Amino acid sequence: MLPEIPESWKTVLREELVKDYFKQFSVEVQADYLVEDPPIYPPAALVFDAFKLCPFEEVRVVILGQDPYHGHGQAMGLSFSVPDGVRIPPSLRNIYKEIQSDIGAAPATNGDLTAWAKQGVLLLNSTLTVAHKQSGSHQGRGWETFTDSVIKKISDEHEHVVFLLWGAYARKKSDLIDDSKHLVLNATHPSPLSAHRGFLGCKHFSLCNNYLKLNGHKEINW
């Protein structure tokens, strides 16, 4: 069974959670988890971990991904993140490479981004579940409508949040964000196929921290 959405998010998303589309696709996704043929990722208990680790009132940065990783043991409910001990995926390696180049951080030894989430970084995938080895398999079922409402709610009710939109898919979400009161940073996706075309060298991590500091927020320890 899918876990409850954490209380801080349930309060601000209450109107969304009672809509027919959300109730319908929630039942469908829970049925997929019960059947487990093919396996569904992340494990059901972790589906809403991005929200659990980063309460609504603490959001300072949003990093938007598309799908969870679709290999066994990779997805953990946080965009781009993998559990400690799992091989760091290529896109995350490029993220770490840019952080090291941008702000001089020490090389990362694992791919677990939980520490970012606990600092107010919402690591949000647009689609929160996926079938084993079937990228995009849960797109178009309702998750995108739900996560679009999350982005819109953050934009409407917060000020001075940094949105990191990497790749064409993420950049489409900029229409949901009021850039007169938030910072929206765009770049190509950190995938090895595109990172050299604008992600590497984007300096998003220093730009993010400079903006947070300028607006009285604590910087992120990347």
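Below, the structure is looked at part by part. (Residues numbered from 1 in each chain as written. Predicted model: local features only at pLDDT ≥ 70, side-chain atom pairs only at ≥ 80, totals over all residues. Heavy atoms only, no water.)

Attention now moves to the environment of Gln134. By secondary structure assignment, the location of Gln134 is in the loop between β4 (130-131) and α7 (143-157). Gln134 sits in the partly exposed class, given a relative accessible area of 38%. Put simply, Gln134 and Asn209 are 75 residues apart on the chain and 36 Å apart in space, counted from C-alpha to C-alpha. Residues within four places of Gln134 in sequence aside, it is in contact with Pro38 and His70. (Helix = DSSP H or I, 4+ residues; strand = E, 2+ residues; numbered from the N terminus. Buried < 20%, exposed > 50% of the residue type's maximum accessible area, 1.4 Å probe, protein only. Contact = heavy atoms within 4.5 Å.)

Okay, the environment of Leu78 next. Residue placement: Leu78 occurs in the loop between β2 (61-65) and α5 (90-103). When its relative accessible area of 3% is taken as the criterion, Leu78 is described as buried. Between the C-alpha atoms of Leu78 and Asp37, which are 41 residues apart in sequence, the distance is 23 Å.

Below, the discussion takes up the layout of surface pockets. If you add up the space inside the largest pocket, you get close to 560 Å³. Partitioned by chemical class, the residues of the lining of the largest pocket number 15 nonpolar, 14 polar and two charged. What the second largest pocket holds in volume is close to 340 Å³. In terms of lining, the second largest pocket is formed by 19 residues, of which the most central are Tyr96, Ala106, Pro107, Ala108 and Trp222. Per element, the largest residue contribution to the lining of the second largest pocket is five residues, and it comes from α5. Of the residues assigned to the lining of the second largest pocket, the class counts are 11 nonpolar, five polar and three charged. (1 Å grid on protein atoms, 1.4 Å probe; cavity = no way out; pocket = protein on both sides within 12 Å on 5 of 7 lines; lining within 4 Å. Points joined across faces, edges and corners; volume = space filled by probe spheres on them. Nonpolar A, V, L, I, M, F, W, Y, C, P; charged D, E, K, R; others polar.)

Counting 72 residues, the largest nonpolar core has Trp9, Leu122, Phe146 and Trp222 as its most contacted members. Not counting residues within four places of it along the chain, the set of residues in contact with Phe146 comprises Ile5, Leu13, Glu16, Leu17, Tyr21, Phe22, Phe48, Phe51 and Leu128. (Core = buried A, V, L, I, M, F, W, Y, C linked by side-chain atoms within 4.5 Å.)

For α7, built from 15 residues, the straight-helix expectation of 21 Å at 1.5 Å per residue is met to within 8% by its first-to-last C-alpha distance of 21 Å. Those residues of α7 that fall on the buried side of the exposure criterion are Trp143, Glu144, Phe146, Thr147, Ser149, Val150, Ile151, Ile154 and Ser155. (Expected span 1.5 Å × (residues − 1).)

Trans is the prevailing form of peptide bonds, just as negative phi is the prevailing case for residues other than glycine. Note that the residue after Asp37, namely Pro38, is joined by a cis bond; omega there is 5°. Among the secondary structure elements, Pro38 is positioned in the loop between α3 (20-35) and β1 (40-41). In the segment running from Tyr41 into Pro42, the intervening peptide bond is cis, with an omega of -5°. Relative to the assigned elements, Pro42 resides in the loop between β1 and α4 (49-53). For Glu36, which is not a glycine, the phi torsion comes out positive at approximately 55°. Following the sequence through the fold, Glu36 ends up in the loop between α3 and β1.

All right, on to empty space enclosed by the protein then. One pass over the full model with this rule turns up one cavity of 30 Å³ or more. Quantified by volume, the largest cavity comes out at close to 50 Å³. Forming the boundary of the largest cavity are Leu64, Gly65, Gln66, Phe80, Trp166, Gly167, Tyr169, Ala170 and His189. Elements that contribute at least two residues to the lining of the largest cavity include exactly β2 and α8 (168-171).

Below, the discussion takes up the sheet that holds β2. In space, the four strands of this open sheet follow the order β3-β2-β5-β6, with parallel pairing throughout. The open sheet has two free edges, formed respectively by β3 (121-125) and β6 (183-187), since each of these has just one partner strand. Averaged over all pairs of adjacent strands, the angle between their axes in this sheet comes to 20°, without regard to strand direction. Packed on one face of the sheet, helix α9 (residues 204-214) meets β2, β5 (162-166) and β6 and runs near 175° to β6. (Pairing = 2+ DSSP bridges. Axes fitted to C-alpha atoms, helices over the stretch in contact; angles between N-to-C directions.)

Okay, the state of the cysteines next. Counted under the stated rule, the structure contains zero disulfides. Not part of a disulfide, Cys202 finds its nearest cysteine sulfur in Cys208, a span of 11 Å. You can call Cys202 buried: its relative accessible area is 14%. (Disulfide = S-S within 2.5 Å.)

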